[in-house]
Amino acid sequence: LELGTSALVKGDHIVIAVSEDMSKNATFWETPVPKALEPTLRHYNDEVRPFLMARWGEHHAHLWVKDRGRPFKPQDFGARIRDVTKKLLGISVTPHFFRDAAATTLARESPTDAKLIRSVLGHLSFNVAEQHYIQAQRIEAGRDYAAVLETITKGTA
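This one's a predicted model, so the numbers in the text were calculated from it and none came from an experiment. Counting of residues starts from 1 at the beginning of each chain's written sequence and follows it residue by residue. Reporting of local features is limited, given that this is a predicted model, to residues whose pLDDT is at least 70; pairs of side-chain atoms are given and counted only at 80 or more, and all residues count toward the totals for whole chains, interfaces and linings. Note that water and hydrogens are dropped before the side-chain values are worked out from all heavy atoms of the structure.

Now for the overall build of the protein chain. In this description a helix means any DSSP run of H or I spanning at least four residues, a strand means any run of E spanning at least two, and both kinds are numbered starting from the N terminus. Secondary structure summary: the protein chain contains five helices and three strands in total. Ordered by position from N to C terminus, the α and β elements of the protein chain give β-β-β-α-α-α-α-α. Burial classes follow relative accessibility: with a 1.4 Å probe on protein chains only, a residue under 20% of its type's maximum area counts as buried, one over 50% as exposed, and anything between as partly exposed. The proportion of buried residues among the 157 residues of the protein chain is 22%.

Right, dumping it as structure tokens:
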């Protein structure tokens, strides 16, 4: 993301706009940054990023910078996410897992809204979303089955 083109910091809100050439499926995508995240992103953009860049003499529009002010490359994000999740959770989680978890959670929490998965993930068709919906149904079926087994087991003990 670059300030002024794909990361737009406006007076009362911040917008992320991904152009066709930046997306996997060549479609434009735009969303406001959630209000709960805005203070953190504004602090980073107004104080942390300029500090890191000035300290090392870097000059560019990339939003995300490393500790020496250089821009993060696309492959850097996956490695950083895996490192941080390993440190915080004890297991390494890939960025794709967050997409999978978001889609499956939406399908589980609101099956009637499962059709929104397509736009959340930026897919062109509902086929991938449908896979998450089916996965969510399997999770619920497995939990229901475990509950029945527990009830039967307790009844015979």
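In this structure, the largest pocket occupies an estimated 1,600 Å³ of space. In terms of lining, the largest pocket is formed by 39 residues, of which the most central are Leu1, Ile16, Val18, Trp29 and Arg99. Counting residues per element, the ones that place at least two in the lining of the largest pocket are strand S2 (14–18), strand S3 (29–32), helix H1 (38–56), helix H2 (74–89), helix H3 (95–109) and helix H4 (117–121). For the lining of the largest pocket, the per-class residue count stands at 23 nonpolar, eleven polar and five charged. Site definitions follow a grid-based scheme: protein atoms alone, a 1 Å grid, a 1.4 Å probe that fits but cannot get out for cavities, and for pockets an open set with protein on both sides within 12 Å along at least five of seven lines, plus lining residues having an atom within 4 Å of a point. Grid points are joined across faces, edges and corners, and a volume is the space filled by probe spheres set on the points. Under the scheme applied here, ten amino acids are nonpolar (Ala, Val, Leu, Ile, Met, Phe, Trp, Tyr, Cys and Pro), four are charged (Asp, Glu, Lys and Arg), and all others, including Gly, are polar.

Before going further, it helps to examine H2. Residue pairs spaced three or four apart in an α-helix point in one direction, given the helix's 3.6 residues per turn. The span expected for a helix works out to 1.5 Å for each residue beyond the first. Taking 1.5 Å per residue, 16 residues should reach 22 Å; H2 reaches 23 Å between its end C-alpha atoms and fits that length. Within H2, burial applies to Asp76, Gly78 and Thr85. Against the buried residues of H2 lie H3. A positive backbone phi angle near 90° is found at Gly90, which sits one or two residues after H2. Note on contacts: a residue pair qualifies if any of its non-hydrogen atoms lie within 4.5 Å across the two residues.

Mapped onto the elements of the fold, Pro50 is located in helix H1. Exposure remark for Pro50: the relative accessible area of 32% places this residue in the partly exposed category. When the C-alpha atoms of Pro50 and Gly69 are compared, they prove to be 8.3 Å apart, with 19 residues separating the residues in sequence. With residues up to four places along the chain from it excluded, the contact list for Pro50 reads Tyr44 and Asn45.

As a further point, take the pattern of salt bridges. Definition used for salt bridges: Asp or Glu carboxyl oxygen within 4 Å of a side-chain nitrogen of Lys or Arg. Summed over all chains, the structure comprises four salt bridges. Arg42 is the partner of Glu38 in a salt bridge, and the nearest nitrogen-oxygen pair spans 3.4 Å. One end of the pair is Glu38 and the other is Arg42, both in helix H1 and four residues apart, which spans about a single turn. Arg42 gets classed as partly exposed once you look at its relative accessible area, which sits at 22%. For Lys66, the salt bridge goes to Asp76, with nearest N and O atoms at 3.1 Å. Taken as a pair, Lys66 in the loop between H1 and H2 and Asp76 in helix H2 lie far apart in primary sequence, ten residues in all. Shared partners join several salt bridges into a network, and the residues in it are Lys35, Glu38 and Arg42.

Before going further, it helps to examine the sheet that holds strand S1 (residues 7–9). Strand order across the open sheet formed by three strands is S1-S2-S3, with antiparallel pairing between neighbours. Each of the sheet's edge strands pairs with one partner strand only, and the pair in question is S1 and S3. Strand after strand, the sheet turns through a mean of 15° between neighbouring axes, direction not considered. The criterion for strand pairing is that DSSP finds at least two bridges linking the strands in question. What counts as an axis is a line fitted to C-alpha atoms, over the stretch in contact for a helix, and the angles between N-to-C directions run from 0 to 180 degrees.

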